[in-house]
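Residue-level structural notes
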Amino acid sequence: MKIVIAGAGEVGSHLAKLLSNENQDIILIDENAERLSTLDSNYNIMTLVGCPTTFSSLREARVASADLFIAVTPYETDNVVACSMAKSLGASTTMARIASYDYMDPDNNDLVRNMGVDRLIYPEYLAALEIITALEHSWVRHWFELHEGQIILVGVRVPGSAQIAGMYLKDFAHTNHHFHVSAIKRHHETIIPRGDDIIKDGDIIYITTTRDHVHDLLDLTGKVSHRIRRVLIMGGSKIAVRLANMAGDNFRFRIIDSDLKRCHELPGKCPDCEIIHGDARDPELLADVGLDETDAFIALTDSSETNILACLTAKEHGVKKTIAEVENIQFISQAEGLNIGTIINKKLLASSSIFQMLLDSDSSTSKCLALTDAEVAELEARPGSKITHGAVKDLRLSRDMTLAGLIRNGQGMLITGNTVIEPGDHVLVFCLSGAIHKVERLFN
Amino acid sequence: MKRLEKPLVNIAQLLRIIGLLMIFEGMFLIVPTLTCVYYGESDWLQFAATAVLTAGLGSILMTRIHPRTGYMGKRDGFLLTALVWVIFSLFGMIPFLTCSSPMILSDAFFEAMSGFTTTGASVFTSGAAMSHGVLIWRALMQWIGGMGIILFTLAVVPMLNHSGGMQMFNAEVTGITHDKIRPRISQTAKSLWMIYIALTLILVFLLWLGPMDVFDSVCHAFGAVSTGGFTNDTFDAVCYHSVYVKVILTVFMFLGGVNFGLIFKGFSGNFTAVKRNDVFRTYVLAIIAFYALFVISAIVRGDFHSWRDITVDPIFQVVSTITSTGYSPGNSHMWGSFVMALMLMMMFSGACAGSTSGGAKIDRMLFLFKNCRNEIYRTIHPNAIMSVRINGRVVSPDLVGKVIAFLCIYMLLVAAGGTILSALGVPVADAFFSAFSCMSNTGFGAEITGYGATYELLPDAAKWLLSLLMLIGRLEIFTVLVLFAPAFWRK
């Protein structure tokens, strides 16, 4: 697949590297020659210096023959204009990164499409969704559900006191038929486990199950589910505003920001929230706003380090759920090790939407979740595809993927070695980075 | 968990890829084997044995070694590229050692390295009976080396189509920056090789029309497009008498000196890119200017006897020198010292980067001149902000610095090489000329200075040294020199 990416910022270059690893043809356009030169000499991509909103640059990138055009410059208007131009030059599908809800409004769908923008990436919106899920299921790190919860994948950190800590996976599987341990994240590495792997203290395990059995997991992993009501947000960023607008009815938000000017703007943008001006790293201020009575603490400032530290402080004060925005991908594993609840990363969220698009370009129902070095995807088995040719254990799948569960006729079930996948099944696949194109081939 | 200590270089993976490349060399060796069989020569056995040995060792490396990870970094790329060229020469020389007119070790290695680096300097004395197999193998070596061993592998093996392959591409392809013409490295390599193969086939056909027999056409097509310049005994005779052959060879040597990425653009109809390309324009202008000086020199000296002496022959000589091919029209020794000096200048500059030619490349000359012009201007207007523009794009000062460093090291290496050669007892003029000739991959024989007809008379140590210079010149200095830097081997 030929993909043209406009904008070599953080999201753009992350996507370029990722998609190049997935064996796609990537052309990356940016105006900054220096930024491109390091990418060009180190990655298997082609770069082009030029402005993404000029016809000449787009022609030079041969947009006309591109299967996908992704505009991820920092400016929403540039992205929309670039997509519109690319579409008029003949790009098959265009995708623009946006920064306001306006484009996503269902009333404007046709208008946006008429402008030549087929798909939208709105990382702040996705981040807000992710945070809401995390607040609703406060005991998990990740919560990924298909078909209204017929199949649920949860990521949980295993405390030493949990029942399953120290258990061999094969023993676990013998006694518990309703769970499928899809992956284990240990330190910097994600493992697709086999029967003789042990679950250790401090691992983050990804377990697939059906709706009826999710609650059994609480006991197994030694977790308690809390109901979250009072939420303290540090940093009045775009994500915070989006979040307040989407979930203002269910939670009571308080936003702390150190920028006075921004504080004055915030009440207009999110009317139901309480706005406090001050530095959220200041313990006195935190005590003053009632950190001890807060159920959840969300750190959304621009600095990943500040967010991580602030969440650690909040944990010390007994806040039950903390969520940090961490934009440096290298920091994510560290932050996960530090027992910060959920981690939000805009780049990973953006890549989820791209992967979803790559896997299933003609339907928007399937879901996809990008983790630091693995992907979870929902795929529909096509008639005649390789995956339907026999029982799972006989398919000789490569070791960097696992099939976790499936939905057949609206009913969720887990997959064992003897399961035969039928055309039309929606399958939940967990695969390590770089393997998603293999998965795609299996299903099409 | 303890993190696995990452080694400096991924040796297992390197050996595996080297194994793979050796299998390819073994396959290339089938060509001379079949040639020998066709001509009924006894050398077929030697070639077949070498092919089996090379491919056999290669497959052992390939199948027995299982690297823990396929990761390849910058260091791996440099080391692998340099090693591959040495290993190719080592195995490529085996037939020379064992053939019906055997050579000694230093000669054979020199000849093989000269072939792969498209230098075309030869230790064969003319008149020695070489089998057709040896001749075609020499020509084929140039042809493989011209576009690049690594580039060939990148084009045909999907295994290397990742960032590790990227590092090897950077280490082998000539030029200051490496323009990709397609999004993935394997596609770029494929396109470049397709053009290369197409040019070669066209040339074989045109030479055959010449008329030349098929065998000679193939040998010379390989030699001209790769700007290598090995010749056969029959060559001088055919070439000297046929204007047609000279003209055709001139055109294809010229094309061999053009950036293949640019030829690709030309082929795909993008002529504005060709027209706007400063380097290409300079290349053409340089050829015209040198030709004019040649003609003036010839007229002043009064040694032209026919129209050919001021038309076809000088232009053939100019193109052959500037593209570092090193074919000569047969009467070069008659042209006098001024022409010799011009030839030295052309050997230094070479043709466009990203072509099969050697030398320091016109791209770098252009950088140098534009930067010098800026510096001179700045002595009068110290506050002026000046930039170097190439192909309509401003080049960063870092890059200009890198180019100047390249040119300095280049000259230092030639000087050092020449000095060591004179210490080995080679006359000074010859010592410096051969060092220069090998470093720039031109391969003009010492014939020009009259020391001897070929490199055969040089001492053994000198041949090893020149082989090293050829390799450094072909891989554009940094790839080889970085291996000698202490920082390369330290964490």
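Residues numbered from 1 in each chain as written. Chains lettered and ligands numbered in written order. Predicted model: local features only at pLDDT ≥ 70, side-chain atom pairs only at ≥ 80, totals over all residues.

This paragraph deals with the overall build of chain A. Broken down by element type, chain A carries 15 helices and 22 strands. Across its three principal axes, chain A shows a C-alpha extent of roughly 60 × 60 × 45 Å. Relative to its full complement of 444 residues, chain A shows a buried share of 48%. Sequence-distant contacts, at least 24 apart, represent 62% of the contacts inside chain A between residues at least 6 apart. (Helix = DSSP H or I, 4+ residues; strand = E, 2+ residues; numbered from the N terminus. Buried ≥ 20, exposed ≤ 12 C-beta atoms within 10 Å, placed from the backbone. Contact = placed C-beta atoms within 7 Å.)

If you tally the helices and strands in chain B, you get 24 helices and two strands. Taken against the 2.2 N^0.38 rule, which gives 23 Å for 491 residues, the C-alpha radius of gyration of chain B at 22 Å falls within 12% of a compact globule. Taken over the C-alpha atoms alone, chain B extends approximately 80 × 70 × 50 Å along its principal axes. Here chain B holds 491 residues, and the buried ones make up 50% of them. Nonlocal contacts in chain B, meaning residues at least 24 apart in sequence, comprise 72% of its contacts between residues at least 6 apart. (Rg over C-alpha atoms; globule rule 2.2 N^0.38 Å.)

Our focus in this paragraph is the interface of chain B and chain A. Tallying the contact residues gives 13 residues for chain B and 13 residues for chain A. Its residues assigned to classes, the side of chain B that touches chain A comprises four nonpolar, six polar and three charged. (Nonpolar A, V, L, I, M, F, W, Y, C, P; charged D, E, K, R; others polar.)

Residue and element names in this part refer to chain A. When its domains are assigned, chain A resolves into domain 1 (2-121), domain 2 (230-344) and domain 3 (356-443). The straight-line distance from the C-alpha centre of domain 1 to that of domain 3 is 28 Å. Opposite the six residues of domain 1 that make contact, domain 3 presents six residues. Split into classes, the residues belonging to the side of domain 1 that touches domain 3 amount to one nonpolar, three polar and two charged. (Domains from an automatic or database assignment.)

Looking now at the pairing of strand β13 (residues 252-257) of chain A. All names here are of chain A. Pairing of strand β12 (residues 230-234) with β13, which is carried by five bridges, proceeds in the parallel orientation. The partner of Arg-230 across the bridge, within β13, is Arg-252. Once the chain exits β12 it traverses helix α9 (residues 238-247) before rejoining the sheet at β13, and the crossover so formed is right-handed. Both β13 and strand β14 (residues 274-277) contribute to a ladder of four bridges, which runs parallel. The partner of Ile-255 across the bridge, within β14, is Ile-275. Once the chain exits β13 it traverses helix α10 (residues 260-269) before rejoining the sheet at β14, and the crossover so formed is right-handed. (Pairing = 2+ DSSP bridges. Right-handed = clockwise from strand over helix to strand, strands pointing away.)

To describe two helices that pack against each other, one gives the angle between their axes and the distance between the axes. All names here are of chain B. For the pair helix α7 (residues 132-147) and helix α11 (residues 214-225), the least separation of the axes is 8 Å and the interaxial angle reads 30 degrees. By the angle between their axes, α7 is roughly parallel relative to α11. For the pair α7 and α11, the crossing hand works out as left-handed. Of α11, the residues touching α7 (which contributes His-132, Leu-135, Ile-136, Ala-139, Leu-140, Gln-142, Trp-143 and Gly-146) are Phe-215, Val-218, Cys-219, Phe-222, Gly-223 and Val-225. For the contact of α7 with α11, the class distribution of residues is 10 nonpolar, four polar and no charged. (Axes fitted to C-alpha atoms, helices over the stretch in contact; angles between N-to-C directions. Parallel < 35°, antiparallel > 145°, perpendicular 65-115°, else oblique. Left-handed = near helix turned anticlockwise from the far one by under 90°.)

Turning to the sheet that holds β14(A), a few remarks are in order. Residue and element names in this part refer to chain A. An order of β14-β13-β12-β15-β16-β17 is seen for the six strands of this open sheet, with the pairing classed as parallel. The two strands at the open ends of the sheet, each matched to only one other strand, are β14 and β17 (342-344). Strand after strand, the sheet turns through a mean of 20 degrees between neighbouring axes, direction not considered. The sheet contact formed by strand β15 (residues 296-299) and strand β16 (residues 321-325) spans four bridges and is parallel. What sits directly across from Ile-298, in β16, is Ile-323. Here α10 sits on the sheet in contact with β13 and β14, set at roughly 170 degrees to β14.

In a beta sheet, neighbouring strands are held together by backbone hydrogen bonds and run either parallel or antiparallel to one another. Residue and element names in this part refer to chain A. The strand order β18-β19-β22-β20-β21 describes an open sheet built from five strands, whose pairing is antiparallel. Where the open sheet ends on each side, the last strands, each with one partner, are β18 (368-370) and β21 (411-414). Each strand of the sheet is rotated relative to its neighbour by a mean of 20 degrees, with strand direction disregarded. Pairing geometry for strand β20 (residues 401-408) and strand β22 (residues 426-432), over six bridges, is antiparallel. Bridging across to β22, Met-401 finds its partner in Cys-431. The sheet strands contacting helix α14 (residues 346-359) are β18 and β19 (374-380), and the helix crosses β18 at an angle near 140 degrees. Along the sheet, helix α15 (residues 436-443) contacts β19, β20 and β22; its crossing angle with β19, the most-contacted strand, is approximately 15 degrees.

This paragraph deals with the pairing of strand β4 (residues 68-71) of chain A. Residues and elements named next belong to chain A. Residue alternation in β4 divides its side chains into two sets, Leu-68 and Ile-70 and Phe-69 and Ala-71, and both sets are buried. Here strand β1 (residues 2-6) runs beside β4; their pairing, made up of four bridges, is parallel. Within β4, the position partnered with Ile-5 by the bridge is Ile-70. Inspection of the sheet shows β4 paired to strand β5 (residues 93-97) by four bridges, in the parallel sense. By the bridge assignment, Leu-68 is partnered in β5 with Thr-93.

With that settled, the discussion passes to the packing of helix α16 (residues 278-301) of chain B against helix α19 (residues 362-380) of chain B. Residue and element names in this part refer to chain B. One way to put it is that α16 packs onto α19 with a least axis distance of 9 Å and a crossing angle of 95 degrees. The orientation of α16 relative to α19 falls into the category roughly perpendicular. Only Ile-362, Asp-363 and Leu-366 of α19 make contact with α16, whose side of the interface consists of Asp-278, Val-279, Thr-282, Tyr-283 and Ala-286. For the contact of α16 with α19, the class distribution of residues is five nonpolar, one polar and two charged.

Bringing the environment of B:Gly58 into the picture now. Residue and element names in this part refer to chain B. Structurally, the position occupied by Gly-58 is in helix α3 (residues 44-64). We classify Gly-58 as buried; it has 23 C-beta atoms within 10 Å. Residues Gly-58 and Leu-469, 411 residues apart in the sequence, show an inter-C-alpha distance of 27 Å. Here Gly-58 is in contact with Gly-19, Leu-20, Met-22, Ile-23 and Gly-26, once residues within four sequence places are set aside.

In this model, A:Asn409 sits at a positive phi of 50 degrees, which is unusual for a non-glycine residue. If you trace the backbone, A:Asn409 turns up in the loop between β20 and β21. Unusually for a residue other than glycine, B:Lys361 sits at a positive phi of about 80 degrees. Position of B:Lys361 among the secondary structure elements: in the loop between α18 (336-349) and α19.

Further remarks concern the environment of B:Leu209. Mapped onto the elements of the fold, B:Leu209 is located in helix α10 (residues 185-209). Expressed as a C-alpha distance, the spacing of B:Leu209 and B:Val245, which sit 36 residues apart in the sequence, is 9.3 Å.

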